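So the chains spell out like this:
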Amino acid sequence: MRSRSVLSAASRSRQWAKRGLVLVAALFIVAALTRPQWSPRPQKVEHKGRDVVVLLDVSRSMLAEDLKPNRLERSKLAIMDLLERLRGDRVALVAFAGTAVVKCPLTQDYGFFRLMLEDIGVDSIERGGTHIGDALRKTLDEVFSDRLKRFKDIVLITDGEDHDSFPVEAAREAGERGIRLLAVGLGDEQEGQRIPIANEKGERTFLSYGGQEVWTRLDADTLRKMVDATPGGQYLNVATGTFDLGSIYEELVARAEKTQLESLSIQRYEEKFQIFVAAALLLLLLEPWIRERKRSDEGNGTLKTLTER
């Protein structure tokens, strides 16, 4: 009975040693999963991109339904598609009709831009009419800085109708500053469309002036003259078709030359999880080499010693 208890004690001690190795290895693995880091090093991060201003016509003519559901809502959907494609560029939103309002300054906060865009409608600007030239000049004066004359784009989305605001001259001023104009022309250029509105009773009717219904047509000629006044300007004649502003961005903006928008210095820490993984693997490799019982000759020697006693 005495020899049996000695062998049993030796076996349990080795079993506990094996279990201890596995437990410690598991702890090392858990520590590795926490991704331990130390030895911080300063690193400079540079961000490049372009400044893009979306200049959106919100005059009543944008309610025409030659694009579905109407010109304005179709434009807003296209701008949403553009947001999904942006690659770190700064973007701003300017709405205009008879006057212009900066709804979102240049930012990389696309969520805020989206909120401002969703809130835009024909009632966003109190003054009626369409003054494209004034909207361009406001963009040049209040949105863009003169720090860099290149790497700037204005995406103008409109039906092109203008009420004597000299848009071509305003585009020429933008061109002199090195700003490129991309104009998206919406609407029927030939027959045009009536402008649906709701009367006092909430009934659907059409906008009238001087006793006659107002028809709105795409003025493509003015838009073509405007883009020709800017370096690399492009006119995109959507008319009553479909357009993908995201693809237009990929082709004309994303591939264009970019500038450094900001430079940040951050602390980078070195990943050290490899040390803990290596230690765990070493312990797991050692575990099979520990026998749970003594070798037979060891056991016989112990029995012999006990018998002699």
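Let me begin by describing the structure that accompanies this report. (Residues numbered from 1 in each chain as written. Predicted model: local features only at pLDDT ≥ 70, side-chain atom pairs only at ≥ 80, totals over all residues. Heavy atoms only, no water.)

## Side note on the pattern of salt bridges
Here the structure, examined in full by the defined rule, presents 18 salt bridges. Between Arg71 and Asp159 there is a salt bridge; the shortest N-O distance is 3.0 Å. On the criterion of sequence distance, the pair formed by Arg71 in helix α2 (residues 71–85) and Asp159 in the loop between β5 (152–158) and α5 (167–176) is long-range, its members being 88 residues apart. Among the residues examined, Arg71 registers a relative accessible area of 0% and is labelled buried. One salt bridge in this structure joins Glu173 and Arg177, with 3.1 Å as the shortest N-O distance. Linked by salt bridges that have partners in common, Arg50, Asp153 and Arg180 make up one network. (Salt bridge = Lys/Arg side-chain N within 4 Å of Asp/Glu carboxyl O. Helix = DSSP H or I, 4+ residues; strand = E, 2+ residues; numbered from the N terminus. Buried < 20%, exposed > 50% of the residue type's maximum accessible area, 1.4 Å probe, protein only.)

## Quick look at the sheet that holds strand β13 (residues 234–239)
Ordered by their spatial adjacency, six strands build an open sheet running β4-β3-β2-β5-β6-β13, and the pairing between neighbours is mixed. This sheet does not close on itself; its edge strands, each paired only once, are β4 (100–107) and β13. With strand direction ignored, the average angle separating the axes of adjacent strands in the sheet is 15°. Bridge analysis of strand β2 (residues 51–57) against β5 gives six bridges, and the strand direction is parallel. Bridging across to β5, Val53 finds its partner in Ile154. (Pairing = 2+ DSSP bridges. Axes fitted to C-alpha atoms, helices over the stretch in contact; angles between N-to-C directions.)

## What about the pairing of strand β6 (residues 180–186)?
The element β6 is largely enclosed, with a buried count of seven among its seven residues. Where burial is concerned, the two faces of β6 agree: the one with Arg180, Leu182, Val184 and Leu186 and the one with Leu181, Ala183 and Gly185 are both buried. Where β5 meets β6, six bridges bridge the pair, whose relative direction is parallel. Looking at β6, one finds that Ile157 is bridged to Val184. Handedness of the β-α-β unit built from β5, α5 and β6 comes out right-handed. As defined by bridge partners, β6 adjoins β13 across five bridges and the pair is classed as parallel. From the neighbouring strand, Val184 faces β13, where its bridge partner is Leu236. (Right-handed = clockwise from strand over helix to strand, strands pointing away.)

## Considerations on unusual backbone geometry
With an omega dihedral of 0°, the bond running from Lys68 to Pro69 counts as a cis peptide bond. Looking at where Pro69 falls in the secondary structure, it is placed in the loop between β2 and α2. For Arg35, which is not glycine, the phi torsion reads 55° and is therefore positive. In this fold, Arg35 is placed in the loop between α1 (2–33) and β1 (37–49). We note that Phe166 has phi near 55°; this positive angle belongs to a residue other than glycine.

## Re the packing of α5 against helix α6 (residues 220–228)
Their axes nearest at 8 Å, the elements α5 and α6 cross at an angle of 20°. One way to sum up the angle between α5 and α6 is to call them roughly parallel. Seen from above, α5 lies across α6 with right-handed handedness. Residues Pro167, Val168 and Ala171 of α5 touch α6, and the partners they reach there are Thr222, Lys225 and Met226. Residue composition of the contact of α5 with α6, grouped by class: four nonpolar, one polar and one charged. (Parallel < 35°, antiparallel > 145°, perpendicular 65-115°, else oblique. Left-handed = near helix turned anticlockwise from the far one by under 90°. Contact = heavy atoms within 4.5 Å. Nonpolar A, V, L, I, M, F, W, Y, C, P; charged D, E, K, R; others polar.)

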